[in-house]
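Below, each chain spelled out in residue letters.
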Amino acid sequence: MSFVPATVDLTGTNQILQGTDWSRDFAVTSGGNPVDLTNYTGTGALVRCQFRSTVAATSVVLTPTMSVVSPATDGIIRMTIAASVTTALANTTQSGVYDVEIVANNANGNTVERIIEGDWSIDPEVTR
């Protein structure tokens, strides 16, 4: 299956909240229908994501925990960032770019597809 990456900015009302356990669910669809992510679970398959300050940056700011939400046939992936990580983010890089890729383990080997991309920012906390 070939995907056109969806642009989902994690800014404004969707931005990452400093000092919180933060998570977002993303629906993976094709033609308006959920994509069966069964081939993206199990041995050799995964959902991966990296946050960087710019597309050209060589260093990774953050690698969130990514998972396929059960049942995989519903086409939902979850991005999770622990409070200890969101707290540290505002002390380093406060915005940048990210993307999400899925790697299928299928009969033809591993297939990598970029499914989401966008900008991100941190909403600094007041209570510490």
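Coordinates for the structure precede this section.
In short, a report on the structure. (Residues numbered from 1 in each chain as written. Predicted model: local features only at pLDDT ≥ 70, side-chain atom pairs only at ≥ 80, totals over all residues. Heavy atoms only, no water.)

A few words on the sheet that holds strand 3 (residues 22-27). Whenever strands of a sheet pair, they do so through backbone hydrogen bonds, lying parallel or antiparallel. Reading across the sheet, the 3 strands line up as 3-8-7 and stay open at both edges, with antiparallel pairing between neighbours. Whereas interior strands pair on both sides, the edge strands pair on one side only; in this sheet they are strand 3 and strand 7 (65-68). Mean inter-strand twist for the sheet, computed between neighbouring axes without regard to direction, equals 20 degrees. Pairing between strand 3 and strand 8 (residues 76-81): 6 bridges, direction antiparallel. (Pairing = 2+ DSSP bridges. Helix = DSSP H or I, 4+ residues; strand = E, 2+ residues; numbered from the N terminus. Axes fitted to C-alpha atoms, helices over the stretch in contact; angles between N-to-C directions.)

To continue, consider the packing of aromatic side chains. Applying the stated criterion across every chain, the model contains 2 aromatic pairs. When the centroid spacing of 5.2 Å and the interplanar angle of 25 degrees are considered together, the rings of F51 and Y98 count as stacked. With a gap of 47 residues between them, F51 in strand 6 (residues 46-52) and Y98 in strand 9 (residues 95-106) connect regions that are remote in the sequence. Per residue, the accessibility class of F51 equals that of Y98, and both read buried. (Phe/Tyr/Trp six-rings, centres within 6.5 Å; stacked < 30°, edge-to-face > 60°. Buried < 20%, exposed > 50% of the residue type's maximum accessible area, 1.4 Å probe, protein only.)

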